[in-house]
Amino acid sequence: MDIVVMVVMGIAIAVVLFVGSVIYLYFFRLWFRTHIAQCSVPLMTILKMFFRGGNPQVVISAYIVAHKAGAGLSLEELETQYKNKVDVKAVVQALIDADKNGEGTTFEALCQQDLQSI
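Numbers given to residues run from 1 along each chain, matching the order in which its sequence is written. With the structure being a predicted model, the display of local features is reserved for residues of pLDDT at least 70 and the display and counting of side-chain atom pairs for 80 or more, all residues being used for whole-chain, interface and lining totals. Hydrogens and waters are ignored; side-chain quantities use all the structure's heavy atoms.

A. Structural detail: the overall build of the protein chain. Tallying secondary structure elements over the protein chain gives six helices and zero strands in all. Where helices and strands are cited, they refer to DSSP runs of H or I of at least four residues and of E of at least two residues respectively, numbered from the N terminus. Taken from N to C terminus, the helices and strands of the protein chain fall in the order α-α-α-α-α-α. Within these notes, the globule rule equals 2.2 Å times the number of residues to the 0.38 power, and the radius of gyration is based on C-alpha atoms. Its C-alpha atoms give the protein chain a radius of gyration of 20 Å, clearly above 13 Å, the size a compact globule of 118 residues would have. Expressed as lengths along the three principal axes of its C-alpha atoms, the size of the protein chain is roughly 75 × 30 × 15 Å. Relative accessibility decides the category of a residue: with a 1.4 Å probe and only protein chains considered, values under 20% of the type maximum give buried, values over 50% give exposed, and everything between is partly exposed. Going through the 118 residues of the protein chain one by one, you find that 28% of them count as buried. In this charge count, Lys and Arg are treated as positive and Asp and Glu as negative; neither His nor the chain ends contribute. Just so you know, the charge point we use is NZ for Lys, CZ for Arg, CG for Asp and CD for Glu. Once the 9 positive and 10 negative side-chain charges of the protein chain are each reduced to a mean point, those two points are 7 Å apart.

Okay, structure coming up:
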């Protein structure tokens, strides 16, 4: 009886460690990308974003592009618009292109255009 309990406990610990490692590496990779891009986002913020129903990969990618372009968008703005079904990557790119072309538009206006095109 004791050997069965030990085997079950060993398997349970191995599964927890494996799942924990996979989850940690997924979030750590995103955190590391933000760190390398010099727009550090706390690891806890990325975890919270995931558990609130956002897609951290999409939002973080858009945030890095916006940060490098100097768009001045916050992570919260991007996450909110992502949850509203806005294609944040496309909107951030459109905002950067509009800024390069000297067009006076805002992130919110581009989000509204994206929502209307759906």
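B. How the structure looks around the packing of helix α1 (residues 2-36) against helix α3 (residues 56-69). Lines fitted to C-alpha atoms define the axes, with helix axes restricted to the stretch in contact, and inter-axis angles between N-to-C directions lie between 0 and 180 degrees. At their nearest, the axes of α1 and α3 sit 10 Å apart, and the two run at 5 degrees to each other. One way to sum up the angle between α1 and α3 is to call them roughly parallel. Contacts between α1 and α3 pair Tyr26, Phe27, Arg29, Leu30, Arg33 and Thr34 from the former with Pro56, Gln57, Ile60, Ser61 and Ile64 from the latter. Three categories are distinguished: nonpolar for Ala, Val, Leu, Ile, Met, Phe, Trp, Tyr, Cys and Pro, charged for Asp, Glu, Lys and Arg, and polar for the others, with Gly belonging to the last. Here the residues of the contact of α1 with α3 are counted per class, giving six nonpolar, three polar and two charged. Each angle is binned into one of four classes, with values under 35 degrees roughly parallel, values over 145 roughly antiparallel, values of 65 to 115 roughly perpendicular, and all other values oblique. Residues count as neighbours in contact if any of their non-hydrogen atoms are within 4.5 Å of one another.

C. Fine view of the environment of Phe18. Relative to the helices and strands, Phe18 resides in helix α1. On the basis of relative accessibility, which here comes to 59%, the residue Phe18 falls in the exposed class. For Phe18 and Leu115, which are 97 residues apart along the polypeptide, the C-alpha to C-alpha distance reads 40 Å.

D. Quick look at the side chain of Asp114. Within the secondary structure, Asp114 is located in helix α6 (residues 107-116). When near neighbours in sequence (up to four residues on either side) are disregarded, Asp114 contacts Lys85, Val86, Asp87 and Val91.

E. Broad picture of the packing of aromatic side chains. In this analysis, rings of Phe, Tyr and Trp, with Trp reduced to its six-membered ring, are considered paired at centre separations within 6.5 Å, and the interplanar angle assigns stacked below 30 degrees, edge-to-face beyond 60, and tilted for intermediate values. Throughout the structure, instances matching the rule amount to six aromatic pairs. Seen in terms of ring centroids, Tyr24 and Phe28 are 5.6 Å apart; in terms of plane orientation they differ by 20 degrees. Their pairing is stacked. Of this pair, Tyr24 and Phe28 both sit in helix α1, four residues apart, which is roughly one turn of that helix. Take Tyr24: its relative accessible area is 45%, and that puts it in the partly exposed class. Ring centres of Phe28 and Trp31 lie 5.4 Å apart, and the angle between their planes is 35 degrees; on these two criteria the pair is classed as tilted. Here Phe28 pairs with Trp31, and both are found in helix α1, just three residues apart, close to one helical turn.

F. Up close: the nonpolar core. By size, the foremost hydrophobic cluster in this structure holds 25 residues, and its most contacted members are Ile60, Leu73, Leu75, Leu78, Val92 and Phe107. At six residues, the largest contribution of residues to this core is made by α3. In these notes, a set of buried Ala, Val, Leu, Ile, Met, Phe, Trp, Tyr and Cys residues joined through side-chain atoms within 4.5 Å is what counts as a nonpolar core.

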